[in-house]
Amino acid sequence: AQKVTQAQTEISVVEKEDVTLDCVYETRDTTYYLFWYKQPPSGELVFLIRRNSFDEQNEISGRYSWNFQKSTSSFNFTITASQVVDSAVYFCALSEETDSWGKLQFGAGTQVVVTP
Amino acid sequence: AAGVIQSPRHLIKEKRETATLKCYPIPRHDTVYWYQQGPGQDPQFLISFYEKMQSDKGSIPDRFSAQQFSDYHSELNMSSLELGDSALYFCASSKQGGLNTEAFFGQGTRLTVV
């Protein structure tokens, strides 16, 4: 069963609009880690953020912000004032390993298209 | 900063041939992971190694094998290639233990089987 659900297949916005990507996860573990990765058209996977299950503090990094809510098992990602360079596929991922964060269960990804 | 290096970047093979993909982790990283990403799909975990020993196994076909060498680089060997093996293969590395790190991915090897 899919443990990470990204219900939005594609989101299209015009530059400077905000865009929020939804991520819902499922796990029975009390300790787990959530990630967001960006995959631009060039294909590489770029690490954006990691959150621990015991730290629900939201985070902001420049135009990026993340909202982690354990009550709804969600870890949403917002890009503020989007730019064309934000066009990419964004993956939410879950790791249930406590000593190895590289074994990831990815969501299906959300394609973000930002037009000028 | 040094990143994960994968070679080759692109590879074209015929059905039933073999292929070897190489991965050089970030210095001082002791764990390597291999992923397969089919067209339009999310990356799927194949196998991982920690300190040269296999640490976990995912949906890796029996036709594939991998190992991690003493210098921590890893190779993914794929035999009897099938058209369905055409995908982007990622290697990632991390550091385990008290200084856990998240996984950093290489740029991937795009394998095309014709």
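Everything in this summary refers to the structure shown in the same document. Bear in mind the structure is a predicted one, so any value in this text is a computation, not a measurement.

1. Overview of the side chain of Glu102 of chain B
Okay, step 1: Considering the arrangement of structural elements, one finds Glu102 of chain B in the loop between strand E9 (87–94) and strand E10 (104–105).
Okay, step 2: For Glu102 of chain B, a relative accessible area of 12% gives the class buried.
Okay, step 3: In terms of polar contacts, Glu102 of chain B uses its side chain to reach the side chain of Arg50 of chain A, at 2.6 Å.
Okay, step 4: Look past the residues within four positions of Glu102 of chain B in its chain and what remains in contact with it is Phe35, Phe47, Arg50 and Trp101 of chain A together with Ser93 and Ser94 of chain B.

2. Description of unusual backbone geometry
Okay, step 1: In this chain, Ser7 of chain B is followed by Pro8 of chain B through a cis amide linkage whose omega measures -10°.
Okay, step 2: Inspection of the secondary structure assignment puts Pro8 of chain B in the loop between strand E1 (5–7) and strand E2 (10–13).
Okay, step 3: Phi at Ala81 of chain A takes a positive value of approximately 50°, unusual for a residue other than glycine.
Okay, step 4: Among the secondary structure elements, Ala81 of chain A is positioned in the loop between strand E9 (74–79) and strand E10 (88–95).
Okay, step 5: A positive phi angle, near 75°, is found at Tyr72 of chain B, a position not held by glycine.
Okay, step 6: Structurally, the position occupied by Tyr72 of chain B is in the loop between strand E7 (64–68) and strand E8 (74–78).

3. As for the pattern of salt bridges
Okay, step 1: In total, this model carries eleven salt bridges over all chains according to the counting rule given.
Okay, step 2: A salt bridge links Glu59 of chain A to Arg51 of chain A, with the nearest nitrogen and oxygen atoms 2.6 Å apart.
Okay, step 3: For Glu59 of chain A, a relative accessible area of 29% translates into the label partly exposed.
Okay, step 4: Accessibility expressed as a relative area gives 8% for Arg51 of chain A, which makes it buried.
Okay, step 5: Here Asp30 of chain B ties to Lys95 of chain B by a salt bridge, and the two come within 3.4 Å at their closest N and O atoms. Placement of Asp30 of chain B in the loop between strand E3 (19–24) and strand E4 (31–37) and of Lys95 of chain B in the loop between E9 and E10 is noted, with a sequence separation of 65 residues between them.
Okay, step 6: A relative accessible area of 4% places Asp30 of chain B in the buried class.
Okay, step 7: Overlapping salt bridges, with partners in common, bring together Arg51, Asp55 and Glu59 of chain A in one network.

4. What about the sheet that holds E1 of chain B?
The pairing of strands in a sheet happens through backbone hydrogen bonds and is either parallel or antiparallel.
Residue and element names in this part refer to chain B.
Okay, step 1: An order of E1-E3-E8-E7 is seen for the four strands of this open sheet, with the pairing classed as antiparallel. On the outer flanks of this sheet lie E1 and E7, each paired with one strand and no other. Neighbour-to-neighbour, the strand axes of this sheet turn through a mean angle of 15°, independent of strand direction.

5. Details of the state of the cysteines
Okay, step 1: Per the stated rule, a full pass over the model turns up two disulfides over all chains.
Okay, step 2: What pairs with Cys23 of chain A in a disulfide is Cys92 of chain A, and their sulfur atoms sit 1.9 Å apart. Disulfide Cys23 of chain A-Cys92 of chain A: torsion about the S-S bond near -65°, hence left-handed. Within this pair, whereas Cys23 of chain A is found in the loop between strand E3 (19–21) and strand E4 (24–25), its partner Cys92 of chain A is found in strand E10, the two being separated by 69 residues in sequence. In terms of burial, Cys23 of chain A and Cys92 of chain A fall into one category: buried.
Okay, step 3: Note on cysteine connectivity: Cys23 of chain B is disulfide-linked to Cys91 of chain B, with sulfurs 1.7 Å apart. With the S-S bond torsion at -55°, the cross-link from Cys23 of chain B to Cys91 of chain B turns out left-handed.

Basis of the calculations
Residues numbered from 1 in each chain as written. Chains lettered and ligands numbered in written order. Predicted model: local features only at pLDDT ≥ 70, side-chain atom pairs only at ≥ 80, totals over all residues. Heavy atoms only, no water. Helix = DSSP H or I, 4+ residues; strand = E, 2+ residues; numbered from the N terminus. Buried < 20%, exposed > 50% of the residue type's maximum accessible area, 1.4 Å probe, protein only. Polar contact = N/O pair within 3.5 Å; in protein donor to acceptor, adjacent residues only side chain to side chain. Contact = heavy atoms within 4.5 Å. Salt bridge = Lys/Arg side-chain N within 4 Å of Asp/Glu carboxyl O. Pairing = 2+ DSSP bridges. Axes fitted to C-alpha atoms, helices over the stretch in contact; angles between N-to-C directions. Disulfide = S-S within 2.5 Å.

Distances and angles like these do not, on their own, reveal function.
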